[in-house]
Amino acid sequence: MLTEIAEVVTVKKYGSNTNLIKVHAPGIASKAEPGQFCNIKVSETNFPLLRRPFSICEVKGEHLFFMFDIQGEGTSILGCKKKGDKLNILGPLGNGFNTGIEFDTAVIVAGGIGAAPFPFLLSRLKKKKVICLVGGRSEAQIITYGMKNIYISTDDGSNGFKGTVVQLAERIKDKFTGGKVQFFACGPNAMLKALKQFCMENNFSCQVSTESAMACGFGICQGCPMPAANEEKYYLVCKDGPVFNAKDIIL
Ligand SMILES: Cc1cc2nc3c(=O)[nH]c(=O)nc-3n(C[C@H](O)[C@H](O)[C@H](O)COP(=O)(O)OP(=O)(O)OC[C@H]3O[C@@H](n4cnc5c(N)ncnc54)[C@H](O)[C@@H]3O)c2cc1C
Ligand code: FES
């Protein structure tokens, strides 16, 4: 884990509410693994006081990319950054996706801004068969940046299959059954919960990248508990996660 003063290279709009920021952070870039995140101080003042966590979206050479939706104060400030601005970044934090296991097909499931960690993961899965299921409430929330072999779902039917991304997985499951299948998912909790159920019923292994309110980002403040499924204990999302095997946690 490093603290690095990173220089902003570009901030680009992607869709109506989504931004992609590229920063020069050679130290963190050289250590980062897909699924890890950084805790970013978005302002040089004490306002807002807390850092904000963001998945590492891509790493290219000495550069890190973060994809984020404008939610409130912190992300609004981040969205206004300009080339040459400096950001204090803590990272890489947490564990990443486990790609060292055996599988033939990777099924990526992304809900809305949950698409953020997957360009980096996909850069490490070039030799695997990959299917990407991308869902959102409507067309405006569909993010396919860096994805391939894409199937889309929207709740309102404005793009692709009408329904949830988990219903889409059920609908097209013949496309990925046969061989060993590994799901990698990130998105709203309700989506992860439904996907866990689907994967358990179909005997698919599933890793989920989870979210929680966070303060420190590295296991000190105990502010990001995640209940364990089979034991009377809590994991910490920032330290034990954000990626968990879905069967190990209560979503
Ligand atoms: C490990 C991890 C990785 C993340 N990766 C990304 C990412 O790659 N891209 C991205 O856009 N966001 C990501 N998030 C969420 C991101 O941290 C929040 O959107 C951000 O902190 C909001 O800050 P803010 O100051 O703009 O909003 P605030 O002013 O803090 O909150 C504004 C509104 O946003 C809601 N909000 C705050 N935090 C979250 C959250 N975690 N999830 C959903 N709603 C929230 C609040 O409830 C409130 O309604 C991640 C969160 C975690 C824990
Ligand atoms: S954010 Fe402090 S322990 Fe997780």
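Quick caveat: nothing in here was measured; it's all calculated off a predicted structure.

### Let's talk about the overall build of the chain
- Helix and strand counts for the chain stand at five helices and 16 strands.
- For the chain, the C-alpha radius of gyration of 18 Å lies close to 18 Å, the compact-globule estimate for 251 residues.
- With the C-alpha coordinates of the chain rotated into their principal frame, the extents come out at 50 × 45 × 35 Å.
- Burial status across the chain gives 45% buried among its 251 residues.
- In the chain, 61% of the contacts between residues at least 6 apart in sequence involve partners at least 24 apart.

### Re the pairing of strand β6 (residues 63–69)
- Burial analysis of β6 places five of its seven residues in the buried class, the great majority of the element.
- Alignment of strand β5 (residues 58–60) against β6, held across three bridges, turns out to be antiparallel. Along β6, the bridge assignment pairs E58 with F65.
- Hairpin geometry of β5 and β6 is characterised by an intervening segment of two residues between the two adjacent antiparallel strands and by a positive phi of about 60 degrees at G61.

### Regarding the sheet that holds strand β12 (residues 181–186)
- Here we have seven strands laid out as an open sheet, ordered β11-β10-β9-β8-β12-β13-β16, and mixed in their pairing. In this open sheet, the two strands that pair with only one neighbour each are β11 (161–162) and β16 (243–245).

### Considering the domain arrangement of the chain
- Once the domains are mapped, the chain shows domain 1 (2–93) and domain 2 (105–209).
- Spacing between the C-alpha centres of domain 1 and domain 2 amounts to 25 Å.
- Ranked by residues supplied to the side of domain 1 that touches domain 2, first place goes to β6 with three residues.
- When grouped by side-chain class, the residues that make up the side of domain 1 that touches domain 2 number seven nonpolar, five polar and two charged.

### Considering the sheet that holds strand β7 (residues 86–93)
- Across the sheet, which stays open at both edges, the seven strands sit in the order β4-β3-β7-β1-β2-β6-β5 with antiparallel pairing between neighbours. The sheet terminates laterally at β4 (52–55) and β5, the two strands that pair on one side only. Averaged over all pairs of adjacent strands, the angle between strand axes in this sheet comes to 35 degrees, irrespective of strand direction.
- Looking at chain direction, strand β1 (residues 2–14) and strand β2 (residues 18–24) are connected through seven bridges and run antiparallel.

### Some thoughts on the site of ligand 1
- Close to ligand 1 lie 20 residues, the nearest being F68, G72, G74, T75 and A116.
- Those elements that provide at least two residues to the shell around ligand 1 are β4, β6 and α2 (73–79).
- Ranked by residue count, the leading element in the shell around ligand 1 is β4, at four residues.
- Considering only residue class, the shell around ligand 1 consists of 10 nonpolar, six polar and four charged.

### Things to note about helix α5 (residues 189–202)
- With 14 residues, α5 ought to run about 20 Å at 1.5 Å a step, and its terminal C-alpha atoms sit 20 Å apart, in line with that.
- Among the residues making up α5, those that are buried are M191, L192, L195, K196 and C199. Across the axial projection of α5, the buried residues extend over an arc of 135 degrees, all falling on one side. Those residues of α5 that are exposed and aimed more than 90 degrees away from the buried face are A190, M200 and E201.

### As for the environment of G178
- Note on placement: G178 falls in the loop between α4 (165–171) and β12.
- C-alpha separation for the pair G178 and P26, spaced 152 residues apart in sequence, amounts to 41 Å.

### Structural notes on the environment of G74
- Along the polypeptide, G74 turns up in helix α2.
- Residues contacting G74, with those up to four places away along its chain left out, are V42, P48 and R52.

### Considering unusual backbone geometry
- In this structure, P48 follows F47 across a cis peptide bond, with omega equal to 0 degrees.
- On the secondary structure map, P48 appears in the loop between β3 (37–41) and β4.
- Following G241, the chain continues to P242 via a peptide bond in cis, the omega torsion being 10 degrees.
- Position of P242 relative to the elements: it lies in the loop between β15 (234–236) and β16.
- At N203, a position not held by glycine, the phi torsion is positive, near 60 degrees.
- A positive phi angle, near 65 degrees, is found at Q222, a position not held by glycine.
- The topology assignment puts Q222 in the loop between β13 (205–209) and β14 (225–227).
- Residue Q222 is classed as exposed on the basis of its 12 C-beta neighbours within 10 Å.

Reading guide: rules and limits
- Residues numbered from 1 in each chain as written.
- Chains lettered and ligands numbered in written order.
- Predicted model: local features only at pLDDT ≥ 70, side-chain atom pairs only at ≥ 80, totals over all residues.
- Helix = DSSP H or I, 4+ residues; strand = E, 2+ residues; numbered from the N terminus.
- Rg over C-alpha atoms; globule rule 2.2 N^0.38 Å.
- Buried ≥ 20, exposed ≤ 12 C-beta atoms within 10 Å, placed from the backbone.
- Contact = placed C-beta atoms within 7 Å.
- Pairing = 2+ DSSP bridges.
- Domains from an automatic or database assignment.
- Nonpolar A, V, L, I, M, F, W, Y, C, P; charged D, E, K, R; others polar.
- Axes fitted to C-alpha atoms, helices over the stretch in contact; angles between N-to-C directions.
- Near = placed C-beta within 6 Å.
- Expected span 1.5 Å × (residues − 1).
- Arc of directions from axis to C-beta.

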